[in-house]
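Breakdown of the fold
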Amino acid sequence: MIIVLLGPPGAGKGTQGERLALRLGLPKIATGDVLRGAVKAGTPLGLEAKAFMDRGDLVPDAVILGIMKEALNAPENARGAILDGVVRTVPQAEGLQAALAELGKPLGAVLNFDIADGEIVSRISGRTVCDACQVPYSGKVPGDECEKHDGGRLVRRKDDEPEAVQRRLDVYRAQTAPVLTWYTAAGAPVKTIDAVGTLEQVEARALAALGR
Ligand code: ADP
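Notes on the structure in this doc start here. (Residues numbered from 1 in each chain as written. Predicted model: local features only at pLDDT ≥ 70, side-chain atom pairs only at ≥ 80, totals over all residues. Heavy atoms only, no water.)

**Side note on the overall build of the chain**
Using the following cut-off: Going along the chain from the N terminus, every DSSP run of H or I of four or more residues is numbered as a helix, and every run of E of two or more is numbered as a strand. In this description the radius of gyration comes from C-alpha coordinates, and the expected globular size is given by 2.2 Å times residues to the power 0.38. For each residue, the accessible area found with a 1.4 Å probe, counting protein chains only, is set against the maximum for its type, and the residue is called buried under 20%, exposed over 50%, and partly exposed in between. Residue contacts are defined here by distance: any two heavy atoms, one from each residue, within 4.5 Å place the two residues in contact. This count recognises Lys and Arg as positive and Asp and Glu as negative, with His and chain-terminal groups excluded. Taken as the charge location is NZ of Lys, CZ of Arg, CG of Asp or CD of Glu.
A count of helices and strands for the chain gives 8 helices and 8 strands. Radius of gyration (C-alpha) of the chain: 16 Å, near the 17 Å computed for a compact globule of 212 residues. Here the chain, with 212 residues, has 45% of them falling under the buried criterion. A fraction of 70% describes how many contacts in the chain between residues 6 or more apart in sequence connect residues 24 or more apart. Computing the positive centroid from 26 side-chain charges and the negative centroid from 27, the chain places the two 2 Å apart.

This is the structure we're talking about:
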């Protein structure tokens, strides 16, 4: 089953995607993590993506479509996957639909994480991530140790600085919000869930929306 996670930055897609992946026994694919990994490793993909990401802009569609197709064709994702932030523009949604049709895989659900802007800004300004495994934390400071990864240190992502956050919200509104309209018009199984609440509450809503 392919599950697409949609929602603004800071809506909790990464955290909930991780939990859903465990619950449903599916791998999670996050383009943000793939790109950050490439930046860290200094690969050509990373070199191309870095400037866009640091500003809070989207990486070009062609780059994302390449990552998307490679992931869908990987044997470990044959049973399906949870796609976290993989679809952020209408051309990307069209590209995913074409790729799934080619592989004969159905789109199981589009989970839309709904959250107000004010909540996003306060969440992101308090967020750190492990520089090794990318797990996000709230209420911890840069320099703390990651609880899930030996030797991992918590850092603030460059695109979590206030200016880049504002840019990401603007980009979300201009380029990603239309994806929701597109999926709805295409008759896709879109489920909107309230992304404000405890981790357990939001997870329960997501599972209920998936009929679990
Ligand atoms: P968030 O969802 O909180 O913005 P991510 O970690 O998912 O953060 O993504 C970080 C950055 O990676 C994005 O701001 C963007 O520059 C790039 N990126 C990730 N996925 C995509 C995508 N599907 N299309 C274009 N750019 C992307």
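On we go.
**Brief notes about the site of the ligand**
Put simply, the test is: Throughout, the term near means that a residue has one or more heavy atoms lying within 4 Å of the molecule or strand in question. Pairs of N or O atoms are called polar contacts if they sit within 3.5 Å, as long as, within protein, a hydrogen donor faces a hydrogen acceptor (for residues adjacent in sequence, only side-chain-to-side-chain pairs). Side-chain classes are defined by residue name, with Ala, Val, Leu, Ile, Met, Phe, Trp, Tyr, Cys and Pro counting as nonpolar, Asp, Glu, Lys and Arg as charged, and the others, Gly among them, as polar.
Thr31, Arg36, Asp57, Arg88 and Arg168 are the nearest of the 20 residues found near the ligand. Separating an oxygen atom of the ligand from a side-chain N or O atom of arginine 36 is a distance of 2.8 Å. Take the shell around the ligand: its biggest share by element is 4 residues, from helix 2 (residues 31-41). Across the shell around the ligand, the residue classes break down as 7 nonpolar, 5 polar and 8 charged.

**Regarding the packing of aromatic side chains**
Put simply, the rule reads: For Phe, Tyr and Trp, where Trp contributes only its six-membered ring, two rings pair if their centres lie within 6.5 Å, and the inter-plane angle classes them as stacked under 30 degrees, edge-to-face over 60, or tilted in between.
Under the counting rule described, the total for this entry stands at 1 aromatic pair. On the numbers, 5.1 Å between centres and 75° between planes, the contact of tryptophan 182 with tyrosine 183 is edge-to-face. As far as the burial class goes, tryptophan 182 and tyrosine 183 line up, both buried.

**Observations concerning the nonpolar core**
Cut-off, in case you're wondering: Within this scheme, the nonpolar core is defined by two criteria: the residues are buried Ala, Val, Leu, Ile, Met, Phe, Trp, Tyr or Cys, and they are joined through side-chain atoms within 4.5 Å.
Val4, Leu35, Met68, Leu83, Val87, Leu96 and Tyr183 are the most contacted members of the largest nonpolar core, which totals 28 residues. Those elements that place two or more of their residues in this core are strand 1 (2-6), helix 3 (44-55), helix 4 (61-73), strand 3 (81-84), helix 5 (90-103) and helix 7 (162-185). At 7 residues, the largest contribution of residues to this core is made by helix 4. Filtering out sequence-adjacent residues up to four positions away, leucine 35 remains in contact with Leu45, Ala49, Met53, Val59, Val63, Ile64 and Ile67.

**Structural notes on empty space enclosed by the protein**
Applied cut-off: Within this scheme a cavity is a closed region of a 1 Å grid, computed over the protein atoms alone, that accommodates a 1.4 Å probe without allowing it to escape, whereas a pocket is open but has protein on both sides within 12 Å along at least five of seven lines; lining residues each have an atom within 4 Å of a point. Grid points are joined across faces, edges and corners, and a volume is the space filled by probe spheres set on the points.
Under the criterion given, the structure shown has 1 cavity of 30 Å³ or more. In terms of residue count, helix 4 provides more of the lining of the largest cavity than any other element does, 4 residues in total.

**Notes on helix 2**
Worth spelling out the cut-off: This arc corresponds to the set of directions leading from the helix axis out to the C-beta atoms.
Looking only at helix 2, the buried set comprises Thr31, Gly32, Leu35, Arg36 and Ala38. Mapping the buried residues of helix 2 onto a view down its axis gives an arc of 160°, with all of them on the same face. For helix 2, exposure combined with an orientation more than 90 degrees from the buried face picks out Lys40 and Ala41. In this structure, the buried residues of helix 2 make contact with strand 2 (28-30), helix 3, helix 4 and strand 3. A positive backbone phi angle near 70° is found at glycine 42, which sits one or two residues after helix 2.

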